[in-house]
Amino acid sequence: MPGWNRWQLRRLVHDVRGFPGPRLLTGDLNLTPAAVRRWSRMRPLATAATFPAAAPDRQLDHILTDDAGLRAGAVAAELMPISDHRALLVDLDRASKTVLI
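Notes on unusual backbone geometry
Thinking step 1. Cis geometry is found at the peptide bond from Gly21 to Pro22, where omega equals 0 degrees.
Thinking step 2. Geometrically, the link from Phe51 to Pro52 is a cis peptide bond, its omega value of -10 degrees lying close to zero.
Thinking step 3. Here Pro52 shows up in the loop between strand E2 (43-44) and strand E3 (61-65).
Thinking step 4. Its identity as a non-glycine residue notwithstanding, Asn30 has a phi of 50 degrees, on the positive side.
Thinking step 5. Although it is not a glycine, Arg41 adopts a positive phi angle of roughly 60 degrees.

Right, dumping it as structure tokens:
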């Protein structure tokens, strides 16, 4: 339901912006990367097909930020035994400190 998904994303972004930055938003948004960029105005940190899990052909799961200093390294979409989506993983780097999300 693209209209509902768009409303949920806009609501999430509105709520997240109430917290001090920088911010990181992750999740199954059930929206394409183009729609997520347009409606969130946040920068994607990972691009990989995540759905359907058995043979992914589109990205519906996202890792987004508004932090200009955060950089993405290796990206993977891992098959999980209990989901119809693959888990989106990315190595993050900021000021020589690596974090795995």
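The rest of the description comes next.
Comments concerning the packing of aromatic side chains
Thinking step 1. By the definition in use, this model includes 1 aromatic pair.
Thinking step 2. Consider the rings of Trp4 and Trp7, whose centres lie 5.1 Å apart with planes at 15 degrees: the pair is stacked. Separated by 3 residues within a single helix, Trp4 and Trp7 lie in helix H1 (residues 2-16), roughly one turn from each other.

Cut-offs applied
- Residues numbered from 1 in each chain as written.
- Predicted model: local features only at pLDDT ≥ 70, side-chain atom pairs only at ≥ 80, totals over all residues.
- Heavy atoms only, no water.
- Helix = DSSP H or I, 4+ residues; strand = E, 2+ residues; numbered from the N terminus.
- Phe/Tyr/Trp six-rings, centres within 6.5 Å; stacked < 30°, edge-to-face > 60°.

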